Amino acid sequence: MTSTYLPDKRSGPDAGAALPPPAAGPARGRARRRARHWLTAVGLQVPALVLFGTLVLLPMLFALYAAFFRWGGFGMPEDYVGGDNFTRLFEDPVFLGDLWRCLLLVLLSLALQLPFALALAVALNQRIRGRAVYRMLFFAPYILSEAITGVLFGMIFAPDDGLADHVLGAVGLDGLGGQWFADPSTVMATLFLVMTWKYFGFHMMLYLAGLQSIPAELTEAALIDGAGPWQRFRHVTLPLLAPTLRISVFLSVIGSIQLFDLVWVTTAGGPDHHSETMAVTMFQYGFKRYQVGYASAISVAMFAISLVFALAYQRFVLRRDLEGATTTLRGGGS
């Protein structure tokens with residue numbers, strides 16, 4: 001039996017020679033895949049960016065441009081007045097009153113509306129019968145649009161013929177009835193009552209979500225240590241709910257600054273400007289008096305106030321929350 005000797009291809013003088021470089025095909029394939037993924041990401045973002053630029057960014061820039069003109073809204077702005085519109089803001093008693101009413105709504109919201117929502121959230125977080133029904137009923141007003149809410153309460157607080165006056169008369173408190181929205185001394189209190197009815201359910205649901213994220217073991221440990229209900233709330237629940245409370249305060253303040261729909265439907269800023277907000281004043285000047293340049297200045301002022309508050313709030317109040325989120329993300333990626 002004969003055997004054929006096959007020489008080892010690795011032996012010989014070329015045994016130590018370097019292997020030929022790998023083909024460039026896989027590298028080009030990876031580059032093409034990365035480019036395809038990048039193009040897909042850009043393609044998905046372009047429609048949103050176009051909509052944002054067309055419907056948000058461009059109108060904002062044009063409002064800033066128009067604020068330097070005396071313009072009635074027809075044609076292009078031509079009568080340049082420099083900063084006169086902004087100077088006029090601080091001389092306008094209506095706008096200065098808007099700032100005061102905005103501050104009043106913010107203070108009332110922080111002092112009454114949010115604590116009321118928190119108390120309800122704590123109560124509905126307990127094991128009580130029918131709590132799902134209560135949650136639905138309390139959240140239902142927030143689902144209604146501002147227009148429907150305004151029309152509804154316009155009928156409820158109609159002077160001398162509204163449901164509120166009839167109810168007060170039926171229980172012998174007809175002396176408490178009045179003009180409600182028509183009286184300068186009661187219009188802001190009535191408006192805030194409507195605002196609270198409309199928006200407290202939203203904050204209540206925020207607090208409920210925060211309460212349900214608190215581990216039950218912590219409350220049970222405090223109970224074992226002998227802490228009473230107030231001590232458990234003060235030293236366990238409230239600190240762990242603080243991030244949710246801070247977000248709720250932020251949304252409440254920004255909503256008070258930009259309040260428009262509810263006021264416009266219920267009072268249209270009356271009587272005699274006593275319930276106007278900055279947004280209502282802007283609408284009045286822009287679409288009723290055709291002083292679009294001045295209305296643009298009001299819109300720029302609203303934006304500036306909201307931006308300054310948002311940046312300051314993020315810097316001094318939300319700083320710990322944001323740092324915690326950043327730390328968590330970095331820790332998860334390492």
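See the structure printed just above.
No experiment lies behind these values; they were computed from the predicted model shown.

**Brief notes about helix α11 (residues 278-288)**
Among all positions in α11, only M278, A279, V280, T281, Q284, Y285 and G286 are buried. Summarising the contacts, the buried residues of α11 are in contact with α2 (84-89), α3 (93-124), α9 (229-257), α10 (261-266) and α12 (292-316). Note on α11: the residue one or two positions beyond its end, Y290, has a positive phi of about 60°.

**Some words on the nonpolar core**
Grouped together as the largest cluster of nonpolar side chains are 19 residues, with contacts concentrated most on L105, F157, V194, M195, L259 and L262. Mapped onto this core, the elements with two or more residues apiece are α5 (146-156), α6 (163-170), α7 (187-212) and α10. Per element, the largest residue contribution to this core is seven residues, and it comes from α7. Here L262 is in contact with E146, T149, G150, V194, M195 and Y199, once residues within four sequence places are set aside. Core analysis: the next-biggest nonpolar cluster, separate from the first, contains 17 residues, M278, A279, I298 and A301 among them.

**Considerations on the environment of T87**
Looking at the secondary structure, you find T87 in helix α2. In sequence terms T87 and A297 are 210 residues apart; their C-alpha atoms lie 9.6 Å from each other.

**Examining a nonpolar patch on the surface**
On the surface, a cluster of nonpolar side chains totalling about 1000 Å² of accessible area is made up of L51, F52, L55, V56, L57, L58, M60, L61, F303, L307 and L311. Contributions of two or more residues to the nonpolar patch are made by α1 (25-66) and α12.

**Observations regarding the packing of aromatic side chains**
One pass over the full model with this rule turns up 24 aromatic pairs. Seen in terms of ring centroids, Y65 and F69 are 4.8 Å apart; in terms of plane orientation they differ by 50°. Their pairing is tilted. The exposure class assigned to F69 is buried, which follows from its relative accessible area of 8%. Look at F116 and F200: their rings are 5.3 Å apart centre to centre, the planes differ by 50°, and that puts the pair in the tilted class. Of the two residues, F116 sits in helix α3 while F200 sits in helix α7, which places them 84 residues apart along the sequence. Given the relative accessible area of 40%, F116 is considered partly exposed. Through pairs of rings, three or more aromatic residues link up here, namely F62, Y65, F69, W71 and Y80. Above the face of the Y285 ring, R289 is positioned so that its terminal group lies 4.4 Å from the ring centre.

What counts and what doesn't
Residues numbered from 1 in each chain as written. Predicted model: local features only at pLDDT ≥ 70, side-chain atom pairs only at ≥ 80, totals over all residues. Heavy atoms only, no water. Buried < 20%, exposed > 50% of the residue type's maximum accessible area, 1.4 Å probe, protein only. Helix = DSSP H or I, 4+ residues; strand = E, 2+ residues; numbered from the N terminus. Contact = heavy atoms within 4.5 Å. Core = buried A, V, L, I, M, F, W, Y, C linked by side-chain atoms within 4.5 Å. Patch = residues over 30% accessible without salt bridge, like charges linked within 9 Å, V, L, I, M, F, W, Y side chains within 5 Å. Areas by Shrake-Rupley, 256 points an atom, 1.4 Å probe, with all protein chains shown as cover. Salt bridge = Lys/Arg side-chain N within 4 Å of Asp/Glu carboxyl O. Phe/Tyr/Trp six-rings, centres within 6.5 Å; stacked < 30°, edge-to-face > 60°. Lys NZ or Arg CZ within 6 Å of the ring centre and 35° of its normal.

In short, the description is geometric, and any link to function would need to be established separately.
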